[in-house]
Every structure is written in C-alpha cells, then in structure tokens.
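Summary of structural features
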Amino acid sequence: MNILLFGKGGQVGWELQRALAPLGRVTALDFDSAGELSGDLSGDFTDPDAVAATVRRVAPDLIVNAAAHTAVDKAESEPALARLINATTPGRIAQEAKALGAHLIHYSTDYVFDGSGEAARDESAATNPLSVYGRTKLEGEQLIAGSGATHVILRTSWVYAARGGNFARTMLKLAKERDRLNVIADQIGAPTGAELLADVTAHIARALRQNPQLAGLYHCVAAGETSWHGYACHVIERARAAGQEIKVAPEAIVPIPTSDYPTPATRPLNSRLETRKLREAFGLSLPAWEQGVDRMLAEIL
Ligand code: NDP
C-alpha cells in the first residue's frame, strides 16, 4: 500500500508512523516537512492548495490525517486558523482522495457534542459543539463525509501518549511539588492512548481495503470511564506505589467542579462515547483505559 500520513509529529501521528509501517510505503509529513526528505511535498495545513498538490503528487492508496489544531483554548481566539486546519484542508484532502480513489482515515472528537446528560453517545447522536475546536472539527467531518471519498472518521477523546507533555506528566510533577491539588471531577470520559488509536487505524486500513463498505463514522475510545480527578488519582497512586517521591496525600487531591476552573473554551461534561459500532464492524476489543495508562506510566516513571 502507498500511504500518505499527515501530522506525523503529533501524539497519534508519531504512533502511526510505527503502526502503518508494516502495511507499505509511508510518506509521513508534518507542518514543516517541506524541503526535508519530502522534496516538494507539503504537510502545512495552512496551505490547502499545497497539501492538495501533495496528495496528487504522492497518489496514495490511503491517506491518514492526524494533523489538527488541538489547542482547544487557543482556538477560541484564532477561529479562522482552526477552521483552516481542522476543516478546510481536511475537506480538500478528501476531494483529492475522491478524485484518486484513495481511502482516507481521519480523527475527530467528543467535543462535537455538548456533553449534556449522562448516557454514552453513539454515532447517530445529535452534535452540538460548545467551542471553536468542536465546531471546526465537526465541519471537517462534514466536508469529508460530503466529498464522496471512501473514508473512516474515528471520534476519540482525552488522547495521551508517552512522548511529549500530557495530563499524567503534569499531575505527577504537581504531586511532587505541592501538598494539595485541585482536579476537575465532573467531566467524565475515557483516556485513550495514541498507541491504541494507531493500532486500531492500521487494523481499519487493512479491513477497509478488503471491504470498502466498512467506511463511515465510528467512536473509538478505551473502555470504561473516569473523571480528570479519577485519572489523576490513578496516576499519582501508581507513581507512589512505584516508589516515586510524592508530596500530595491521597486525601489532598481535591475534586472540584468545572465551574471552579474557568477556561476560554467550554468543555463537554459528559464525554462518554459508545464504541459498539466499531467493535462489531471490525471485530475489535477495546481495552480498559487503565491498561494503556499503566503502560504509558511504565514508560515515563
Ligand atoms: P497533537 O496536537 O499531538 O498533534 C496534532 C499535529 O498536527 C501536531 O503534529 C501539530 O504540529 C500538527 N499541526 C498543527 N498545526 C498544523 C498545521 N498548520 N499544518 C500541519 N500540521 C499541523 O494531536 P493528537 O495527536 O492528540 O490528535 C490527533 C487527532 O485526534 C486530531 O484530529 C485531534 O483533533 C483528535 N483528538 C485529539 C484529542 C486529544 O485529547 N489530543 C481528543 C479527541 C480527538 P505541532 O505540534 O508542530 O503544532
């Protein structure tokens, strides 16, 4: 398979370079790839024409797009840039995919929902994004779906990776420095590893080649649920058990409501996503969120 990967330096993109490698030749690009190994190719999503020309030049069988404007709070003050990166350019890629007959795999987010209620949402649930990030990601989904390209969109949530900064690392640092931590306890979701997303993507890429009828929108998150507070407690207790010097006592990790921690972008409270459609269509089992988090901790502790 001839594969074109965008966003190779991100959490998911980095893992995709590993997971897609056995499937064929992977041309992996990032924002600033122009002029590197990639010759005339561009992975800069602020330039949809250059990205479209890149797709035509590589003429891939499969495009995987892991590039996105993921700075949720910053997006509130730069909506035009967020729209270009999250919607316009993915839409152009989808048009090129359609013209070439290439398959496209793309990622979206639980932030397309307003997070009301307590039930897990499936793929047919009504969207109602609360933020610029959520709105632009939803527009990206719609442009891809409307392009007629054979595509899979995976909506996921609370993505982490061992590489780079992440919530667990931040909590561990604070737990070593402070004797009290306030952590949001009324946003519920499933921390999902970039490794898991990349492995599921590789599986889907192969299955889609065999059966393009599997194309569509799917929810893809680790099993189970927690709050940011539950996630922080889990990470800190694992570090304590591993012999790390943790200053904060378990009872001093204080659950707080979202309203006590105002941010520019409004986040959904209920990020539960129902994954049955994905599991049944592709014959997959999604591990409990703790499994991936413990694996990541084994790497970073
Ligand atoms: P990252 O932020 O780790 O990676 C995004 C990548 O896109 C980075 O390499 C980033 O480069 C790149 N990028 C930013 N601006 C541009 C641009 N102008 N042109 C090209 N590339 C650019 O995100 P994740 O790996 O976590 O996200 C992967 C997918 O999953 C995205 O579609 C995201 O919306 C979705 N998702 C992520 C969630 C999360 O919690 N992170 C939750 C739900 C969905 P640089 O680092 O240089 O800015």
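The preceding data block contains the structure.
In every chain, residue numbers begin from 1 and rise along the written sequence. Note on the predicted model: pLDDT of at least 70 is required for a residue's local features to be given, and 80 or more for side-chain atom pairs to be given and counted; whole-chain, interface and lining totals, by contrast, use all residues. No hydrogens and no water enter the side-chain calculation; it runs on all heavy atoms of the structure.

**Comments concerning the overall build of the protein**
- For the purposes of this entry, the term helix denotes a DSSP run of H or I that reaches at least four residues, the term strand denotes a run of E that reaches at least two, and both are numbered from the N terminus. Per the secondary structure count, the protein includes ten helices and twelve strands.
- Relative to the globule expectation of 19 Å for 301 residues, the C-alpha radius of gyration of the protein, 19 Å, shows essentially globular dimensions.
- Along the longest, intermediate and shortest principal axes, the C-alpha atoms of the protein span 60 × 40 × 35 Å.
- Buried positions account for 52% of the 301 residues belonging to the protein. The globule rule is 2.2 Å times the number of residues to the power 0.38, and the radius of gyration it is compared with is taken over C-alpha atoms. Residue burial is assigned from relative accessible area. The probe radius is 1.4 Å, only protein chains are included, and a residue is buried under 20% of its type maximum, exposed over 50%, and partly exposed in between.

**Focus on the site of the ligand**
- Taken together, 24 residues are adjacent to the ligand, and V12, F45, T70, Y133 and K137 come closest.
- Counting of polar contacts relies on pairs of N or O atoms within 3.5 Å, with two restrictions inside protein: one atom must be capable of donating a hydrogen and the other of accepting it, and residues adjacent in sequence are counted only when both atoms are side-chain atoms. Taking A68, its main chain carries an N or O atom lying 3.1 Å from an oxygen atom of the ligand.
- Here V159 contributes a backbone N or O atom positioned 2.9 Å from an oxygen atom of the ligand.
- Note on areas: Shrake-Rupley with a 1.4 Å probe; residue coverage comes only from the protein chains shown. In isolation the ligand offers 890 Å² of accessible surface; the protein chains occlude 79% of this area.
- The residue makeup of the shell around the ligand, split by class, is eleven nonpolar, ten polar and three charged. Nearness is judged by heavy atoms alone; a residue qualifies as near a molecule or strand once a single heavy atom is within 4 Å of it. All residues other than Ala, Val, Leu, Ile, Met, Phe, Trp, Tyr, Cys, Pro, Asp, Glu, Lys and Arg, Gly among them, are scored as polar; the first ten of these are nonpolar and the last four charged.

**What to know about the pattern of salt bridges**
- A side-chain nitrogen of Lys or Arg and a carboxyl oxygen of Asp or Glu constitute a salt bridge if their distance falls within 4 Å. Counted under the stated rule, the structure contains 15 salt bridges.
- One salt bridge in this structure joins E96 and R56, with 2.8 Å as the shortest N-O distance. Taken together, the positions of E96 in helix α4 (residues 79-100) and R56 in helix α2 (residues 48-58) put the pair 40 residues apart, joining distant regions of the chain.
- Given the relative accessible area of 11%, E96 is considered buried.
- Between E139 and R83 there is a salt bridge, with the nearest N and O atoms lying 2.8 Å from each other. Here E139, found in helix α5 (residues 132-147), pairs with R83, found in helix α4; they are 56 residues apart in sequence, far enough to count as distant.
- For R83, a relative accessible area of 43% gives the class partly exposed.
- Members of the salt-bridge network, linked through shared partners, are E15, R18 and D199.

**Digging into the pairing of strand β1 (residues 2-6)**
- Extensive coverage of β1 is indicated by the burial of five of its five residues.
- Judged by which residues are buried, β1 turns out to be covered on both faces: N2, L4 and F6 on one side and I3 and L5 on the other are all buried.
- Strands pair, by our definition, only if DSSP identifies at least two bridges between them. The pairing of β1 with strand β2 (residues 25-29) spans five bridges and is parallel. Within the sheet, the bridge partner assigned to L5 lies in β2 and is A28.
- For the segment spanning β1, helix α1 (residues 11-20) and β2, crossover handedness is right-handed. Note on handedness: a crossover is taken as right-handed if, strands pointing away from the viewer, the path from the first strand over the helix to the second is clockwise.

**Side note on the packing of aromatic side chains**
- Between 30 and 60 degrees the pair is tilted, below 30 it is stacked and above 60 it is edge-to-face, where a pair is any two Phe, Tyr or Trp rings, Trp via its six-membered ring, whose centres lie within 6.5 Å. By the definition in use, this model includes eight aromatic pairs.
- Measuring from ring centre to ring centre gives 5.1 Å for Y218 and F282, while their planes differ by 65 degrees; the resulting arrangement is edge-to-face. Residue Y218 is found in strand β10 (residues 216-219), and its partner F282 is found in helix α9 (residues 276-282); the two are separated by 64 residues along the sequence. Note on accessibility: Y218 and F282 belong to one class, buried.
- Where W228 meets Y231, the ring centres are 5.9 Å apart and the plane angle is 25 degrees; that geometry is what we call stacked. You can see W228 and its partner Y231 sitting in helix α8 (residues 228-241), three residues apart, about one turn around the helix.
- Ring-pair connections join several aromatic residues into one group, and the members of that group are W158, F167, W228, Y231 and W289.
- Charge-over-ring contacts are defined here by two conditions on Lys NZ or Arg CZ: a distance within 6 Å of the ring centre and an angle within 35 degrees of the ring normal. In this structure, R163 is placed above the aromatic ring of W14, and the distance from its NZ or CZ to the ring centre is 3.6 Å.

**Regarding the nonpolar core**
- Of all hydrophobic cores here, the largest spans 60 residues; its most connected members are L16, V64, L181, Y231 and L278.
- Top contributing element to this core by residue count: helix α7 (residues 194-210), with ten residues.
- Non-local contacts of L16, meaning those with residues more than four positions away in its chain, are made with L5, A21, V64, A66, Y107, A198 and T201.
- In this text, buried Ala, Val, Leu, Ile, Met, Phe, Trp, Tyr and Cys residues form a nonpolar core when linked through side-chain atoms within 4.5 Å. F6, L41, F45 and V55 belong to the second largest nonpolar core, which has 19 residues in total. Note on contacts: a residue pair qualifies if any of its non-hydrogen atoms lie within 4.5 Å across the two residues.

**Quick word on unusual backbone geometry**
- If you check the backbone angles, A59 has positive phi at about 45 degrees while not being a glycine.
- One can find A59 in the loop between α2 and β3 (62-65).
- On the basis of relative accessibility, which here comes to 36%, the residue A59 falls in the partly exposed class.

**Some words on the sheet that holds strand β4 (residues 103-109)**
- Read from one edge of the open sheet, six strands run β2-β1-β3-β4-β5-β10, paired in parallel fashion. Two strands close off the open sheet at either side, each with one partner strand: β2 and β10. On average, each strand axis in the sheet is tilted by 20 degrees relative to the strand beside it, whichever way the strands run.
- Angles here are taken between N-to-C directions and fall from 0 to 180 degrees, while the axes themselves are lines fitted to C-alpha atoms, restricted in helices to the stretch in contact. Those strands touched by α5 are β4, β5 (151-156) and β10, and its axis lies near 155 degrees from that of β4.

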